[in-house]
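# Observations on the model geometry
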Amino acid sequence: MSEADNGMNIGSDHSGTEKTEKMDKATLRHHILSRRKRIPAEERGAAGELLVRRFPAHMIQDGSTVAAYVSMGSEIETRPLLRWLLAHGCHVLVPRLGSGLEIGWSVLDSLESLRSMDAVGGANNAGSCSYPSTVHHRPDEPTGAVLPPEALEKADLVIAPALAVDPQGNRLGRGAGWYDRALARRKPACPLIAVCWPWEVLDTDLPAEPHDVPADGVLTPGGYRRLGESGRLDRPAKILGASQTDQPATHTGRWNQSGKSRLASKTVTPMCQGGD
């Protein structure tokens, strides 16, 4: 099915955001998931390494509690970012979905503590250096104790998945509403960062419900941007590199409209350059 056939008209403008017409959540969700499925596991892994380099390191410090998530299926790989957060002294929480409608949480002490909850084609060694290539119906989870939904109240930063995000910060999720219910428990001053591919950053507003929790910023393999309340992408915050210096990354992923990446081995200007 072509984009024209399913009522979507999507193309990039010069700002790097996506132009969308005739959007509705179900159609947009179908379009995005179909496109994501064309991205090989190796490219999702490379994109995950770029998330580390583009992560706004000024938003955490040693001892910060960060509620993040373990990627599954066609999502950008988050294990490199989780490993980096742990290495920088963060107390990391990840979801424990269970069988109810609310997300519980567990402390992630190491990637080696993750276990496969549901993988087609066999168990997944989540803690290995290779990236999972199996199709996941739910994310890998730590083997530790399950904490209640209220555990999110201790988070200093929340990193959540998104299929798309609009200029207001509204996230398009998978439709189950787990994260919106969970995010309602975070502290008022706790920032929320949505993670998605660059072409999933929209330039038009998504349909929003009263219970939707907007993101304060969006992190992609291309960079990090704050999301302004006026409906426009705010001036981006300064980004530090994955190391303890703020040198720019030496590799960047460039993705074309078919969802294929082309890794260029050269220093590039990241999406975010400086701030206030």
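These numbers come from a predicted model, not from an experiment.

Across the protein, pLDDT averages 74, with 64% of residues at or above 70. Confidence drops under pLDDT 50 across residues 119-130; counting only partners more than four residues distant or on other chains, this segment forms 21 contacts.

Okay, the sheet that holds strand S3 (residues 65-67) next. The sheet built from seven strands is open, its strands ordered S5-S4-S3-S10-S13-S14-S15 with mixed pairing. Only two strands of the sheet have a single partner each, and these edge strands are strand S5 (104-108) and strand S15 (223-226). Adjacent strand axes in the sheet meet at a mean angle of 25°, parallel and antiparallel pairs treated alike. When S3 meets strand S10 (residues 157-161), the two strands line up parallel, connected through two bridges. Bridging from a neighbouring strand, Val66 pairs with Leu157 of S10.

On to the pairing of S5. Burial within S5 is extensive, with four of its five residues counted as buried. Where strand S4 (residues 91-96) lies against S5, five bridges are found, and the strand directions are antiparallel. Considered in S5, the bridge of Arg96 is made with Gly104.

Basis of the calculations
Along each chain, residues carry numbers from 1 onward, in the same order as the chain's sequence is written. Only residues with pLDDT of at least 70 are given local features in this predicted model, and only at 80 or more are side-chain atom pairs given and counted; all residues enter the totals for whole chains, interfaces and linings. The side-chain numbers reported here are obtained from all heavy atoms of the structure, hydrogens and water having been left aside. The score called pLDDT rates the predictor's confidence residue by residue, from a low of 0 to a high of 100. Any two residues whose heavy atoms approach within 4.5 Å are treated as being in contact. Strands are treated as partners if at least two bridges between them are detected by DSSP. Strands here mean DSSP runs of E at least two residues long; helices mean DSSP runs of H or I at least four residues long; both are numbered from the N terminus. The angle between two axes is taken between their N-to-C directions and runs from 0 to 180 degrees, where each axis is a line fitted to C-alpha atoms and a helix contributes only its stretch in contact. Under the scheme applied here, a residue whose accessible area is under 20% of the maximum for its type counts as buried, over 50% as exposed, and between as partly exposed, the area being computed with a 1.4 Å probe on protein chains only.

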